[in-house]
Amino acid sequence: MNQHSNNINNTTSSFNTVKLGLSLCVACALGLSSASVYSAEVPAAQISTKQVSGAISQARQLEIPATTDNNAETRVAQLHQQATLLTGNAQTSLKVTREQRMAVHQKAAATKASQQQRALAQQNQVIYYDFSFYGAQSRLFEDYDYDGFYQTFSVTFDADINSSGGDVQADVFAELYLSQNGGPWIHYYSTDVFTLNADSSFDDYEVLTTLANGYQTDHYDVLIDLYELGYADPVATISSDDVDALYALPLESSDRDAVYVEEVYTEEVHAGALSWLSFSLLGAFAWFRRSFMNKK
């Protein structure tokens, strides 16, 4: 009887152990599943890489102020890897001026699709609003030959919606241009469409660019045109005329930023050889002097 009771107790204990183990496994699986779902709900920042006329750019809308970004060097290294692949397969394209880009947008706005986008935007927004730039800043990266001109730079801008009617949203995009030493504005990047939220401080947009080829060593100004989706003309513009951060950036393309290696030549003169040469010259001089004295 006691032996039978012990067998029952042992069986019950084993069953409880197995039951506890299965419960832990289920709990772990649920925890991992919850973590996976949570991570999927938190999207990573969308990064877009494009090449325009020898300039390769990587852009993203920031969720934190640009001043708190500590990963700039890592992103510069990633951009260079992508630039190596793009420049190896890319064909040389003509540079496009600001006037030419504006003509493209004028033509696109006349299409039926753009007219429908404008009508829809006007239905959703029953209050008046306009756009402005709160500010812009720039940073310089990588000067391999130490001549004071950089091949990689970033431009970060903060565009806002001005309205007295609360939280207003709008879909926009931007065109970025460079002007070499006061010359014509040359297009170097078009952003993807992104959403502005009134005057939020957490919708800054950053464009990181490396100049692969075709840009002379000089000072360049930056201009940014902001467009509302579906409209023909810029709704706001900021340039070197407005902020110093976009004025006279010292830039050059990477094919002009070669690493300079100084070659040092060293000539060695051994003391033994120098002594032998000196004694030879002294001996020759003594023989010549004796011969001259004997002639007298």
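Quick summary incoming for the structure in this document. (Residues numbered from 1 in each chain as written. Predicted model: local features only at pLDDT ≥ 70, side-chain atom pairs only at ≥ 80, totals over all residues. Heavy atoms only, no water.)

1. Description of the overall build of the chain
Scanning the chain from N- to C-terminus turns up 5 helices and 11 strands. Taken over 296 residues, the chain has a buried fraction of 34%. Long-range pairs, those at least 24 residues apart, make up 75% of the contacts in the chain between residues at least 6 apart in sequence. Accessible surface, the chain as shown: approximately 19000 Å² in total, 55% of it carbon and sulfur. (Helix = DSSP H or I, 4+ residues; strand = E, 2+ residues; numbered from the N terminus. Buried < 20%, exposed > 50% of the residue type's maximum accessible area, 1.4 Å probe, protein only. Contact = heavy atoms within 4.5 Å. Areas by Shrake-Rupley, 256 points an atom, 1.4 Å probe, with all protein chains shown as cover.)

2. Focus on the pattern of salt bridges
The full count for this structure, using the stated rule, is 5 salt bridges. One salt bridge connects D192 with K50, and the closest N-O pair in it is separated by 3.0 Å. Separated by 142 residues along the polypeptide, D192 in the loop between β6 (185–190) and β7 (194–197) and K50 in strand β1 (residues 47–52) bring together distant segments of the chain. Across the pair E206 and R60 runs a salt bridge whose closest N-O atoms are separated by 3.1 Å. Placement of the pair is E206 in strand β8 (residues 205–211) and R60 in strand β2 (residues 55–61), with a sequence separation of 146 residues. Per residue, the accessibility class of E206 equals that of R60, and both read buried. (Salt bridge = Lys/Arg side-chain N within 4 Å of Asp/Glu carboxyl O.)

3. Let's talk about the environment of E228
Mapped onto the fold, E228 is located in strand β9 (residues 218–228). Assessed through its relative accessible area of 7%, E228 is described here as buried. On a C-alpha basis, the gap between E228 and L196 in space is 9.9 Å, while along the polypeptide they are 32 residues apart. At 2.7 Å, the side chain of E228 and the side chain of Y129 are in polar contact. (Polar contact = N/O pair within 3.5 Å; in protein donor to acceptor, adjacent residues only side chain to side chain.)

4. Remarks on the environment of V172
Following the sequence through the fold, V172 ends up in strand β5 (residues 169–180). The class for V172 is buried, based on a relative accessible area of 0%. The sequence separation of V172 and L229 amounts to 57 residues, and the corresponding C-alpha distance is 5.2 Å. If sequence neighbours within four positions are ignored, V172 has contacts with F131, D192, V193, F194, L196, L226, Y227, E228 and L229.

5. Considerations on the pairing of β8
A regular strand places its side chains so that they alternate between the two faces of the sheet. Counting buried positions over the 7 residues of β8 gives 7, a clear majority of the element. Because side chains alternate across β8, one face comprises the buried residues Y205, V207, T209 and L211, and the other comprises E206, L208 and T210, equally buried. Where β2 and β8 come together, 7 bridges link them in antiparallel fashion. Directly across from A59, in β8, lies its bridge partner V207. Pairing between strand β4 (residues 152–162) and β8: 6 bridges, direction antiparallel. Residue pairing across strands places F157 opposite Y205, the latter belonging to β8. (Pairing = 2+ DSSP bridges.)

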